[in-house]
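Single-letter residue listing:
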Amino acid sequence: MAQWDRLRQLPAVYGQQLHELYDRDALPMDVRHYLSVWIEKQEWRRAARDHDLAVVLLQVLLENLDIQHSRFVQEESFLLQHNIRRYKQNFQRYLEEPCALASTILWFLEKEKEILQSADLAEQVQFLQVEQEAMETSSQQDLERKMAGLRNEVQCMEHTMICLEEQQDEFDFKYQTHKMEAVVDEALKKNQIKNLQLLVNRLNDCRKSTLLDLNKLLDRTEDLIDILVKKELVEWQRRQQKACIGAPDDVCLDQLEKWFTCVAVCLFQVREFLSKLEELIGKVSYDNDPVKSQKPALQKRADNLLKDLLKSSFVVETQPSMPQGKGPLVLRTNVQFSVKTRLLVKFPELNHSMKVSVSMEREAPQIKGYRRFNVLGTKTKALNMAESQSGGMVADFRHLTLKEQKSGGSSKGASDIPLSVTEELHVIFFDTLFELKGLSVELQASSLPVVIISNSSQQQSAWASVLWFNMLSQDTKDVMFFANSPAATWPQFGEMLSWQFLSATKRGLNDDQLEMIAHRLFGKHLNYDTCKVAWSKFCKENTPDTFWVWFDGILVMVKTYLEDLWRDGLIMGFVSKGKEKSLLKKKQRGTFLLRFSESVIGGITFSWVDTTATGEPDVKTVQPFTKVDLTQIPFHEIIRNFQILEAENIPENPLLYLYPNTPKDEAFGKYYSDKSGVDSPYIKYIKTKLVFVSKENTLEAKSPMSSDMVQGEGLESLNDLCGEAAEQDENCHSLDSPLETCHPDVMLSDLAETPQDELLMYVNNFNHFAGTGIFDDDTGLFNCLTSQSCGSILQ
């Protein structure tokens, strides 16, 4: 199904996200809708880099708009004619920069995919967490019963108040009648007074009973407020924290809004009951009247409960985020961000009447060098029901920016705590005033702590801080968290790492993959539950590449180039070198697996099992592929076209079965391009790859993170081996090494594995040497390669 059609069929909550996405002028939803089929078929990613292609796509886009305009003319759709004409004029501004338009459309398509992934994740979570949802459903049902009980008690109290008023009216009528009548008969007069005394006693008992019932009603209300504020809201806030860092948790507020509103409505009715009692004692009162003595305390208690509920009901529904950021809660100065607040007590009569204002922290911590910021943009908005798909009371701020205040020198008494820019935490506050039925309450909500950067190079480190804080802290105003950051237990840490993959690719990490990471961090343990990771270990160690840099590099690579392969479970990914060899040596020749490099940031490699002359299994590994390679050729095409020269001088693809035993073409066939062999569009890239071969008995690299790369003596590029033959042919391809500098990770220096012999090479193609003269002589290099290693050739 086309992407646009899938989006239109999503539930309402995701439809709202789509509407919010297209609430921008860069790509109108009308254009996306009417040209959806054409838009989804174009290569916008390539056009963003290729000026000529971008020009062609822009011209075709304008022509399609003309065609659409003609259709609306025939259909006499006057408004749509006007809109399409205006959209075409807006797009013509890209004539000078067509690549910018391609980048813009590509960005919208990627955001659409994220919405679809969110919907798929929600469905996946619903499937995987049946027991947890059953428990939550049971808890919700129990709370629903309590809410129903509260509403029933309020209705009973309404009836009680009516009966009380009727009883008082009866007494008042008879008492006034008695005073107006001049009764002479003393016996009759005493009898009337006796009856009046009985009536007033009954009225007094009824008032006492009513006050007792009101106290019980407030007791029930207080219990429900405790559940809502101290349990349900706290759990929602925790779910929101985890969702911000990738957890597939439900953060919809509709149910909480229903409960908060129910309790608030009941408390306002209690206040009306108390007002009615005040009115009644104004008409009839007497000595030791219980209403006079007890009503003030009841009034204070009801008002305090209502105020507590209201103060907790104002929340940040969508945390601050930039449109193209790595994740929420990382903001950049002078770049617009959005944030949405919501009032969980929904009273339609307050629609558009409550103004919400935005500000930064009032009392910033006294830390030397701690930055302060001003909020710029539209800083005041009204709570309204129009900006929410569910009709909630929201204020959606979409055009806010931050600007750093000029430093005024350090304050006296400021602490000298060394915090980096990405360890500084800041809180954004939102204020509003609730006024209804004589009650006035100031409300304040605050965002989760945000990290504010000034340069995109700080994005990765800032996101690490956001991950760490929201993984470990539930104190949402603890801006001093990184002054003494706690360590994370392995279960917490491993779960957070899995969320990163789950949110980015819809497939998290399995137990085996997590165990490999744990082994790399802590060494060999039977159980890692008691192991802990320090903040410095995660992101701050003074090494070229920290654990987070390595992990995030893999995550970005998978998201950008390997998402389909990862989601289909074709990439084993996180597997140690030793585990890899033990797995492959038990399998038939040609079995291979795909794993992430531990020495090359954002690298992926594959290893396969071959047999030696004596029939022993021999595991060989290629040098890792990085974005330099994957930008040019999809990884599945690398696997499809990979070749080595066997003893008979015949190029052969040694990759036959994806571990454990799936035929390669069965596993990857659905990703292949239609053309293969010399007709493959990727051959031109494969031809330019270097071939690296290790000398026999050459040791593997001693990189602490991995032994992926053979270094030092014995590594030579094949074009160096061309010798005179290469020099004689001016058309011999120029081979540029795709190698990147590798930085050993001191963190894992004690985990280097025992080196073993292996073959290490890049993708090669026999056609690379066609016409060069290298193979014209039967005694030339071709025969040399089949009989000796490269190292031997050069000695």
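Each value, and the rule that gives it
- Residues numbered from 1 in each chain as written.
- Predicted model: local features only at pLDDT ≥ 70, side-chain atom pairs only at ≥ 80, totals over all residues.
- Heavy atoms only, no water.
- Helix = DSSP H or I, 4+ residues; strand = E, 2+ residues; numbered from the N terminus.
- Buried < 20%, exposed > 50% of the residue type's maximum accessible area, 1.4 Å probe, protein only.
- Contact = heavy atoms within 4.5 Å.
- Pairing = 2+ DSSP bridges.
- Axes fitted to C-alpha atoms, helices over the stretch in contact; angles between N-to-C directions.
- Phe/Tyr/Trp six-rings, centres within 6.5 Å; stacked < 30°, edge-to-face > 60°.
- Expected span 1.5 Å × (residues − 1).
- Bend = angle between axes of the 7 residues up to and from the residue.
- Salt bridge = Lys/Arg side-chain N within 4 Å of Asp/Glu carboxyl O.
- Parallel < 35°, antiparallel > 145°, perpendicular 65-115°, else oblique.
- Left-handed = near helix turned anticlockwise from the far one by under 90°.
- Nonpolar A, V, L, I, M, F, W, Y, C, P; charged D, E, K, R; others polar.
- Polar contact = N/O pair within 3.5 Å; in protein donor to acceptor, adjacent residues only side chain to side chain.
- Core = buried A, V, L, I, M, F, W, Y, C linked by side-chain atoms within 4.5 Å.
- Patch = residues over 30% accessible without salt bridge, like charges linked within 9 Å, V, L, I, M, F, W, Y side chains within 5 Å.
- Areas by Shrake-Rupley, 256 points an atom, 1.4 Å probe, with all protein chains shown as cover.
- Lys, Arg positive; Asp, Glu negative; His and termini not counted.
- Charge placed at Lys NZ, Arg CZ, Asp CG, Glu CD.

Peer 1: Outline the overall build of the chain, listing residues and values.
Peer 2: On a plain count of helices and strands, the chain comes out with 26 helices and 19 strands. The buried share of the chain, taken over its 795 residues, is 49%. Long-range contacts, defined here as pairs at least 24 residues apart, represent 73% of the contacts in the chain between residues at least 6 apart.

Peer 1: How would you explain the sheet that holds strand β8 (residues 428–436) if you had to name every residue and give the values?
Peer 2: What the four strands build is an open sheet, ordered β6-β4-β8-β9; its pairing is antiparallel. In the strand order of this sheet, the two ends are held by β6 (380–382) and β9 (439–446), each with one partner. Pairs of neighbouring strands in the sheet enclose a mean axial angle of 25 degrees, with direction left out of account. As judged from the four bridges shared by strand β4 (residues 355–360) and β8, these two strands associate in the antiparallel manner. Across the sheet, the residue bridging to M360 is I428, located in β8. Packed onto the sheet, helix α12 (residues 290–313) meets β8 and β9 and runs at close to 30 degrees relative to β9.

Peer 1: For the packing of aromatic side chains, give the residues involved together with the corresponding values.
Peer 2: Per the counting criterion, the structure on display carries 40 aromatic pairs. On the numbers, 6.2 Å between centres and 65 degrees between planes, the contact of W468 with F493 is edge-to-face. Of this pair, W468 sits in helix α13 (residues 459–472) while F493 sits in helix α14 (residues 490–505); the two residues are 25 residues apart in sequence, bridging distant segments of the chain. Geometrically, the ring pair formed by F493 and F538 is edge-to-face, given 5.5 Å between the ring centres and 85 degrees between the ring planes. Placement of the pair is F493 in helix α14 and F538 in helix α16 (residues 535–540), with a sequence separation of 45 residues. This pair shows no difference in class: F493 is buried, exactly as F538 is.

Peer 1: Outline the sheet that holds strand β18 (residues 657–658), listing residues and values.
Peer 2: Within the open sheet, the five strands sit side by side as β15-β14-β13-β18-β19. Their pairing is mixed. The open sheet has two free edges, formed respectively by β15 (617–621) and β19 (662–663), since each of these has just one partner strand. Note: strand β14 (residues 604–611) against β15, five bridges, orientation antiparallel. Directly across from W608, in β15, lies its bridge partner K620. Where helix α17 (residues 547–567) meets the sheet, its contacts fall on β13 (591–596) and β14, and the angle it forms with β13 comes to roughly 145 degrees. Helix-sheet contacts for helix α18 (residues 577–584) involve β13, β14 and β15, and the interaxial angle to β13 is about 165 degrees.

Peer 1: Could you give me a rundown of α12, with the residues and numbers involved?
Peer 2: Taking 1.5 Å per residue as the helical rise, α12 with its 24 residues ought to reach 34 Å, and the 34 Å between its terminal C-alpha atoms agrees with that figure. At P296, α12 shows its strongest bend, of approximately 25 degrees.

Peer 1: Would you mind going over the pattern of salt bridges in detail, with residue names and values included?
Peer 2: Going through the model one piece at a time under the given rule, you end up with 44 salt bridges. Here K113 makes a salt bridge to E110, at a shortest N to O gap of 3.8 Å. Of the two residues, K113 and E110 are both situated in helix α8 (residues 98–128); the distance of three residues between them amounts to about one turn of the helix. Owing to a relative accessible area of 37%, K113 belongs among the partly exposed residues under this scheme. Residue E110 is classed as partly exposed on the basis of its relative accessible area of 24%. Sharing partners across several salt bridges, the network here consists of E165, K276, E279 and K283.

Peer 1: Break down the packing of helix α10 (residues 186–244) against helix α11 (residues 254–283) for me, citing the residues and quoting the values.
Peer 2: Two elements in contact, α10 and α11, have axes separated by 11 Å at closest approach and are oriented at 155 degrees. Taken together, α10 and α11 sit at an angle that is classed as roughly antiparallel. Here the hand of the crossing between α10 and α11 comes out left-handed. Residues that form the contact of α10 with α11 fall into these classes: 21 nonpolar, one polar and two charged.

Peer 1: Would you mind going over helix α15 (residues 511–522) in detail, with residue names and values included?
Peer 2: Between its first and last C-alpha atoms α15 spans 16 Å; for 12 residues at 1.5 Å apiece the expected length is 16 Å, and the two agree. Listing the buried residues of α15 in full gives Q513, L514, M516, I517, A518, R520 and L521. Buried residues along α15 sit against α14, β12 (532–533), α16, α17 and α18. If you check the start of α15, you find a side-chain oxygen 3.1 Å away from the backbone N of D512, and it comes from N510.

Peer 1: Can you tell me about the packing of helix α6 (residues 51–74) against helix α7 (residues 78–91), naming the residues and giving the values?
Peer 2: The N-to-C vectors of α6 and α7 enclose an angle of 165 degrees; their axes lie 9 Å apart at closest approach. Taken together, the axes of α6 and α7 are roughly antiparallel relative to one another. Here α6 runs over α7; the crossing is left-handed. Contacts from L58, L61, L62, L65, D66, Q68, H69, F72 and V73 in α6 reach L80, Q81, I84, R85, K88 and F91 in α7.

Peer 1: Would you mind going over the side chain of E580 in detail, with residue names and values included?
Peer 2: When you line up the elements, E580 lands in helix α18. Residue classification places E580 among the buried positions, given a relative accessible area of 0%. Apart from residues no more than four positions distant in its own chain, E580 is found in contact with V575, L593, R595, S607 and T621.

Peer 1: With reference to specific residues and values, describe the nonpolar core.
Peer 2: Within the largest apolar cluster, 163 residues are counted, with the highest numbers of intra-cluster contacts made by F434, W468, F493, F538, F606 and F635. Those residues in contact with F606 that lie beyond four places of it in its chain are L593, L594, K620, T621, V622, F625, F635, I638, I639, F642 and L655. Among the nonpolar cores identified, the runner-up in size contains 37 residues, and L35, I84, C99 and I115 belong to it.

Peer 1: Residues and numbers for the environment of D564, please.
Peer 2: With respect to the helices and strands, D564 occurs in helix α17. In the structure, D564 is positioned 107 residues away from Y671 in sequence and 8.9 Å away in space, judged by C-alpha atoms. Of note is the side chain of D564, whose polar atom sits 2.8 Å from the side chain of R567.

Peer 1: Talk me through a positive patch on the surface; I want residue IDs and the actual numbers.
Peer 2: Taken together, the side chains of K524, K579, K586 and K587 present a region of like positive charge at the surface. Turning to its location among the elements, K579 is positioned in helix α18.

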